[in-house]
Amino acid sequence: MFRNGYRRFTDGHESLLDNYTVSANSVAGVRWFELRRTQPGNWTIFQQSTYQPDTTWRWMGSIASDNQGNIALGFSASSSSINPQIRYAGRLATDPLNTLSGEQHLFDGTGSQTGTSNRWGDYSDMTVDPVDDCTFYYANEYYQTTSSFNWRTRIGYFRFTQCTAPQKGTAHFVVTACNGGAPIPNASVSIEGMPYGATLANGTYDAVLTPGSHSYSVSKTGVGTQTGSFSITNGQTTSVNVCLGGTPTPTPTPTVTPTPTPTATPTVTPSPTPTPTPGITLGARGYKVQGRQTVDLSWSGATSSNIDVYRNRVLIVNVPNNGFYTDHIGARGHGSYTYKICEAGTATCSNEATVIF
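Residues numbered from 1 in each chain as written. Predicted model: local features only at pLDDT ≥ 70, side-chain atom pairs only at ≥ 80, totals over all residues. Heavy atoms only, no water.

Here we look at the overall build of the protein
Of the regular secondary structure elements, the protein holds 0 helices and 25 strands. Out of the 357 residues belonging to the protein, those deemed buried represent 41%. When contacts within the protein are restricted to residue pairs at least 6 apart in sequence, those whose partners lie at least 24 apart make up 53%. Just so you have it, the protein exposes about 19,800 Å², and 52% of that area is on carbon and sulfur atoms. (Helix = DSSP H or I, 4+ residues; strand = E, 2+ residues; numbered from the N terminus. Buried < 20%, exposed > 50% of the residue type's maximum accessible area, 1.4 Å probe, protein only. Contact = heavy atoms within 4.5 Å. Areas by Shrake-Rupley, 256 points an atom, 1.4 Å probe, with all protein chains shown as cover.)

Here's what the structure looks like:
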């Protein structure tokens, strides 16, 4: 009923945690197990057990581990003498294998579900805080009053006192074309030989890593591959600038050739190139939503029914001319974006507005 809990630890080993409900001594118990491997090895069972310490029924489990390998298992618990309760048990990474202990009550329901047409659950979730990588957040259902279908949800959190937040920093990849500097989306990013992800539409990708030196490879079919290395400092963001498609072509230095003095001719005053009168005014405001970059654009003075929106000189969208557009960039960390809008299909454009994160 719950996803595999995957984690790759700093020493290189990988872990998969899972659980399901089984019949144990005539009541429901939670069977949990951990698979491990170190690449290129295969997955093997590292530990497993059925958690059923007494005659109380336990089911609807979910399981996760913190950054040090300490494990928490949450579940529903009930019997003929108690209403369904939300509980959890755990183990330290240093505890004997195949054991869970220290069961705690997160919340005790004060009612039961009497109807049989509505299943219990689908609401059990154990998740570790991505910031400190120590705090467990657990959500499950309970009943406040006995009824056929009137469930409630409770969310709580806890942590092992032995857990400390890991040292980490962010690698902020900025992938562009070597010639011209246009951002390259969907470029594959690998770190230490392992695939990590792909760049966003603006050519960026963020990876959270342990401090120290790391190697990388960035590639895109039909464009090119670039490799290199960088260093991560705890609590800091390191920019990793990568260009694909060859090395930038240097601008040749022109050779000065003496020009013969021309025969005097009448001077013709050239007509000046018309400069558009700034009739469209653009403003931009950058902010972050759950850590992801977002930009609000607002404009006035445009008369066309639709507007072309440019980010870093690349057309990203055509929208109705309602004077407002939100660009959900989605990247984390730092970044600089220059915007311009034009009346659709024309060169009648606004001023440029730059947002820096």
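So, the side chain of Arg 7
Note on placement: Arg 7 falls in strand S1 (residues 5-8). Separated by 2.9 Å, the side chain of Arg 7 and the backbone oxygen of Ser 65 make a polar contact. Discounting residues that sit within four places of it in the chain, Arg 7 has contacts with His 13, Glu 14, Ser 15, Ser 65, Asp 66, Asn 67, Val 128 and Asp 133. (Polar contact = N/O pair within 3.5 Å; in protein donor to acceptor, adjacent residues only side chain to side chain.)

Describing the nonpolar core
Among the nonpolar cores identified, the biggest contains 18 residues, and Leu 297 and Trp 299 are the most heavily contacted of them. With residues up to four places along the chain from it excluded, the contact list for Trp 299 reads Thr 281, Leu 282, Ile 307, Val 319, Pro 320, Asn 321, Asn 322, Gly 323, Phe 324, Tyr 325 and Ile 341. In terms of nonpolar packing, the next biggest core, distinct from the first, is built from 17 residues, Tyr 205, Leu 209, Tyr 216 and Phe 230 among them. (Core = buried A, V, L, I, M, F, W, Y, C linked by side-chain atoms within 4.5 Å.)

A word on the sheet that holds strand S23 (residues 324-328)
Strands sit in the order S19-S20-S23 across an open sheet of 3 strands; the sheet is antiparallel. Strand pairing shows two members of the sheet lacking a second neighbour, strand S19 (281-289) and S23, which therefore form its edges. Each strand of the sheet is rotated relative to its neighbour by a mean of 20°, with strand direction disregarded. Where S19 meets strand S20 (residues 292-300), 9 bridges bridge the pair, whose relative direction is antiparallel. Opposite Lys 288, over in S20, you have Gln 293 as the bridge partner. (Pairing = 2+ DSSP bridges. Axes fitted to C-alpha atoms, helices over the stretch in contact; angles between N-to-C directions.)

Comments concerning the packing of aromatic side chains
Within the structure shown, the criterion is met by 13 aromatic pairs. Measuring from ring centre to ring centre gives 5.7 Å for Tyr 137 and Tyr 157, while their planes differ by 40°; the resulting arrangement is tilted. Of this pair, Tyr 137 sits in strand S10 (residues 136-143) while Tyr 157 is found in strand S11 (residues 151-158), placing the two residues 20 residues apart along the sequence. For Tyr 157, a relative accessible area of 62% puts it in the exposed group. (Phe/Tyr/Trp six-rings, centres within 6.5 Å; stacked < 30°, edge-to-face > 60°.)

Let's talk about the confidence of the model for the protein
With 90% of its residues at a pLDDT of 70 or more, the protein shows a mean pLDDT of 88. The spread of mean pLDDT over the elements of the protein runs between S19, the lowest at 85, and strand S4 (residues 44-51), the highest at 98. Across residues 248-277 the pLDDT falls below 50, and counting only partners more than four positions away or on other chains, this stretch makes 4 contacts in the model. (pLDDT = per-residue confidence, 0-100.)

A short note on the side chain of Ser 15
Mapping Ser 15 onto the fold places it in strand S2 (residues 14-24). Among the polar contacts listed, one links the side chain of Ser 15 to the side chain of Glu 34, at a separation of 2.7 Å. With residues near it in sequence (within four places) discarded, Ser 15 still touches Gly 5, Tyr 6, Arg 7, Phe 9, Glu 34, Leu 35, Arg 36 and Trp 43.

Examining the state of the cysteines
For the structure on display, the rule yields 3 disulfides. With a sulfur-sulfur separation of 2.2 Å, Cys 178 is cross-linked through a disulfide to Cys 243. Measuring the twist about the S-S bond at about 85°, one finds the Cys 178-Cys 243 disulfide to be right-handed. A residue pair is termed long-range when its members are at least 10 positions apart, and Cys 178 in the loop between strand S12 (169-177) and strand S13 (188-191) and Cys 243 in strand S18 (residues 237-244) qualify at 65 residues. Put simply, Cys 342 and Cys 349 are joined by a disulfide, and their sulfur atoms are 2.0 Å apart. Handedness of the Cys 342-Cys 349 disulfide follows from its S-S torsion of about 100°: it is right-handed. Using a relative accessible area of 2% as the deciding quantity, one classes Cys 342 as buried. Sequence-ordered numbering of the bonded cysteines in the protein gives a pairing of 1-2, 3-4, 5-6. (Disulfide = S-S within 2.5 Å.)

Examining the pattern of salt bridges
For the structure shown, the criterion picks out 9 salt bridges. For the salt bridge of Glu 103 with Arg 58, the shortest nitrogen-to-oxygen distance reads 3.1 Å. One end of the pair, Glu 103, is in strand S8 (residues 101-108); the other, Arg 58, is in strand S5 (residues 57-65), with 45 residues separating them in the sequence. Taking relative accessible area as the criterion, Glu 103 reaches 21% and is therefore assigned partly exposed. With a shortest N-O distance of 2.9 Å, Arg 311 and Asp 327 are connected by a salt bridge. With a gap of 16 residues between them, Arg 311 in strand S21 (residues 306-311) and Asp 327 in strand S23 connect regions that are remote in the sequence. (Salt bridge = Lys/Arg side-chain N within 4 Å of Asp/Glu carboxyl O.)

So, the pairing of strand S25 (residues 353-356)
Burial along S25 is one-sided: the residues Ala 353 and Val 355 are buried and none of Thr 354 and Ile 356 is. In this structure, strand S24 (residues 336-343) lies alongside S25, joined through 4 bridges in antiparallel fashion. Opposite Ser 336, over in S25, you have Ile 356 as the bridge partner.

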